[in-house]
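# Report on the structure
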Amino acid sequence: MTMHNYDYYVPTRLVFGKGRVSELPKYLEGRGKKVLLAYGGGSIKRLGLYDTLKDLLKDYEVFELPGIEPNPRIESVRKGVEMVKQENIDFIIAAGGGSVIDCVKNIACGARYDGDPWDLVMDASLIKGHVPFFAVLTLSATGSEYDGGGVITNPETNEKNALLGNIFPEVSIMDPEYTYSVTAWQTASGSADIMSHVFESYLVKDGNIFTDGICEAMLRTIVECTPKALEQPDDYEARAQLMMISSFGCCGLPAIGRTPSPWVCHGIEHEVSAFYDITHGAGLAILTPPLMRFWLTEETAPRFAQYGVRVFGLDPKNAPMDNAEEAIRKTAEFFKSIGLPGTLREVGIDSDEHFGEMADHIIAHWFGNFKDALRPLNRDDIIGILKAAL
Ligand code: NZQ
Ligand code: ZN
């Protein structure tokens, strides 16, 4: 093991627990009087959160940006930027899942930039600051409530890229009760997403005792709590544990001191959802087992075996390769048991026609270099993993 240097910076306040949205006004003091309330397709209205927020914001002039779609599009960002600029809005509240929060991050930066907000997604050095924003999380998955990136799709070019500019919410309100209404599909996909964020940090060359433990505890939490939340959607403890680790899976904490990760599974999944608009977490669940199989060698077997022992309770006396193979099998079995697809065909992708283009795009634009992965991947390897997932 080699201890790597790290920078860890997350300036967001997490306000977690039942009913804590009532504390939002105190964090808004001194921020100005004009607010943009951004949300998705209506789940916050069904939850009663919309009415709660309107009530809490009664002393403010509230503008609204509804209809932010899953895998949010640059068009929604452009619309929001225009509103913020035209109305001189002081701050933004994102109420929803990762898509709403990501869209708001892009709006917040776009509002401080003179050109098209897509420029910022392609070149973070153009970001000139951002309008302050707050989040009220309703879905445990992406960690956008506690990280500095925001993923946006440009359907005209089939590109799905992350704005990577340390764009953090000031405060994220996290009430697990808001997630009771999340569908089984989104709950399972959210768990696969959190799990994948952990794998991105965990499955690298050098680990350390501390973050091996953090990653394994997060993975165990998912494996234990997801079935409970599916079985009983208003199980507060299960929903609370999932919401807690949603934030810590993607904030950089699981990665400290480890080999910097090129986030291979995410790089490939973003291409798949850019072309086919599939649910992010479901895409990750499909790609994870073939990627793990690609990575498994005599050299990497001990890491997979450790994962199998500590997360799935495999017998440490077994040969590392046996435990490693079993751990990968158990991973696929877990995704299936929570109702997620195991192949791209199951989400309607039955041809490899875009795989070459996807691989080229990753190599040209993804922030991480796949040569730095647990086992390096070239263009053919990326295509091979996509084909294995068909
Ligand atoms: O649009 P509404 O009506 O709100 O419905 C949403 C949406 O249909 C629904 N939902 C949210 N909260 C709900 C609820 N339904 C019932 N009850 C609730 N309490 O769930 C659906 C999916 O919402 P979405 O926000 O798209 O899901 P998620 O949080 O998984 O976000 C996915 C997006 O985040 C990106 C993904 O690529 C994808 O675009 N990611 C963002 C990351 C980040 N910022 O750090 C990292 C991730 O790896 C990921 O790439
Ligand atoms: Zn993710």
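Only a predicted model underlies this, so the values are computations on that prediction, with no experimental measurement involved. (Residues numbered from 1 in each chain as written. Chains lettered and ligands numbered in written order. Predicted model: local features only at pLDDT ≥ 70, side-chain atom pairs only at ≥ 80, totals over all residues. Heavy atoms only, no water.)

With that settled, the discussion passes to the overall build of the chain. When helices and strands are tallied, the chain shows 15 helices and eight strands. Expected size for 390 residues packed as a compact globule is a radius of gyration near 21 Å; at 20 Å, the chain falls within 12% of this value. When contacts within the chain are restricted to residue pairs at least 6 apart in sequence, long-range pairs at least 24 apart make up 80% of them. For the chain, the computed accessible surface area is about 15900 Å², with 49% contributed by carbon and sulfur atoms. When the 36 positive and 54 negative side-chain charges of the chain are each reduced to one mean point, those points stand 3 Å apart. (Helix = DSSP H or I, 4+ residues; strand = E, 2+ residues; numbered from the N terminus. Rg over C-alpha atoms; globule rule 2.2 N^0.38 Å. Contact = heavy atoms within 4.5 Å. Areas by Shrake-Rupley, 256 points an atom, 1.4 Å probe, with all protein chains shown as cover. Lys, Arg positive; Asp, Glu negative; His and termini not counted. Charge placed at Lys NZ, Arg CZ, Asp CG, Glu CD.)

Moving on, we get to the site of ligand 1. The local shell around ligand 1 holds 31 residues, among which Gly-41, Ser-43, Gly-98, Ser-99 and Asp-147 are the closest. Asp-102 is positioned with one of its side-chain polar atoms (N or O) 2.7 Å from a nitrogen atom of ligand 1. For the shell around ligand 1, the secondary structure elements donating two or more residues are helix H2 (43–47), helix H5 (98–110), strand E6 (149–154), helix H7 (184–202) and helix H10 (264–276). When its residues are assigned to classes, the shell around ligand 1 shows nine nonpolar, 18 polar and four charged. Mapped onto the domain boundaries, the shell around ligand 1 takes at least three residues apiece from domain 1 (13–178) and domain 2 (183–388). (Near = heavy atom within 4 Å. Polar contact = N/O pair within 3.5 Å; in protein donor to acceptor, adjacent residues only side chain to side chain. Nonpolar A, V, L, I, M, F, W, Y, C, P; charged D, E, K, R; others polar. Domains from an automatic or database assignment.)

The next thing to look at is the packing of aromatic side chains. One pass over the structure, following the stated rule, counts 10 aromatic pairs. With a centroid separation of 6.1 Å and an interplanar angle of 50°, the aromatic rings of Phe-334 and Phe-335 are classed as tilted. Pair check on accessibility: Phe-334 and Phe-335 agree, each one buried. Seen from their ring centres, Trp-366 and Phe-367 are 5.1 Å apart, and the 50° between their planes marks the pair as tilted. Relative accessible area serves as the criterion here: at 16%, Trp-366 is assigned to the buried category. Joined through ring pairs, the aromatic side chains of Phe-199, Tyr-202, Tyr-307 and Phe-312 make up one cluster. A cation over an aromatic ring shows up here: Arg-303 above the ring of Tyr-202, its NZ or CZ 5.1 Å from the ring centre. (Phe/Tyr/Trp six-rings, centres within 6.5 Å; stacked < 30°, edge-to-face > 60°. Buried < 20%, exposed > 50% of the residue type's maximum accessible area, 1.4 Å probe, protein only. Lys NZ or Arg CZ within 6 Å of the ring centre and 35° of its normal.)

With that out of the way, let us pick up the layout of surface pockets. Considered as a void within the structure, the second largest pocket measures approximately 280 Å³ in volume. Along the wall of the second largest pocket there are 15 residues; nearest its centre are Val-204, Lys-205, Glu-299, Thr-300 and Leu-374. The dominant element in the lining of the second largest pocket, judged by the number of residues it contributes, is helix H12 (residues 301–312), at three residues. Looking at the lining of the second largest pocket residue by residue, the class counts come to five nonpolar, four polar and six charged. (1 Å grid on protein atoms, 1.4 Å probe; cavity = no way out; pocket = protein on both sides within 12 Å on 5 of 7 lines; lining within 4 Å. Points joined across faces, edges and corners; volume = space filled by probe spheres on them.)

Right, let's get into the environment of Thr-142. In this fold, Thr-142 is placed in the loop between strand E5 (133–137) and E6. Separated by 129 residues in the primary sequence, Thr-142 and Arg-13 have C-alpha atoms spaced 17 Å apart. Contacts of Thr-142, omitting those with residues within four sequence positions, involve Gly-98, Asp-147, Asp-193, His-197, Ser-246 and Cys-250. Polar contacts involving the side chain of Thr-142 include one to the main-chain amide nitrogen of Ser-144, which spans 3.0 Å.

Each assigned domain of the chain is listed here: domain 1 (13–178) and domain 2 (183–388). Averaged C-alpha coordinates put domain 1 and domain 2 at centres separated by 27 Å. In this assembly, 27 residues from domain 1 lie in contact with 28 residues from domain 2. If you sort the residues of domain 1 by the area they bury against domain 2, Ser-140, Asn-158 and Lys-160 come out on top, with a joint share of 25%. Remark: the boundary between domain 1 and domain 2 carries one salt bridge. A salt bridge links Arg-73 to Asp-277; the nearest nitrogen and oxygen atoms lie 3.2 Å apart. The tally of links between domain 1 and domain 2 comes to nine residue pairs in polar contact (both at pLDDT 80 or more). (Buried area = accessible area lost by both parts, 1.4 Å probe. Salt bridge = Lys/Arg side-chain N within 4 Å of Asp/Glu carboxyl O.)

Before going further, it helps to examine the nonpolar core. By size, the foremost hydrophobic cluster in this structure holds 71 residues, and its most contacted members are Ile-268, Trp-295, Phe-304, Tyr-307, Leu-377 and Leu-386. Residue contributions to this core peak at nine residues, all from helix H11 (residues 280–295). Filtering out sequence-adjacent residues up to four positions away, Ile-268 remains in contact with Leu-287, Ile-362, Phe-370, Ile-382, Ile-385 and Leu-386. Within the second largest apolar cluster, 35 residues are counted, among which are Ala-38, Phe-63, Cys-109 and Val-131. (Core = buried A, V, L, I, M, F, W, Y, C linked by side-chain atoms within 4.5 Å.)

Our focus in this paragraph is the side chain of Ser-191. One can find Ser-191 in helix H7. Residue Ser-191 is classed as buried on the basis of its relative accessible area, which comes to 1%. Residues contacting Ser-191, with those up to four places away along its chain left out, are Ser-140, Ile-222, Thr-226 and Leu-242.

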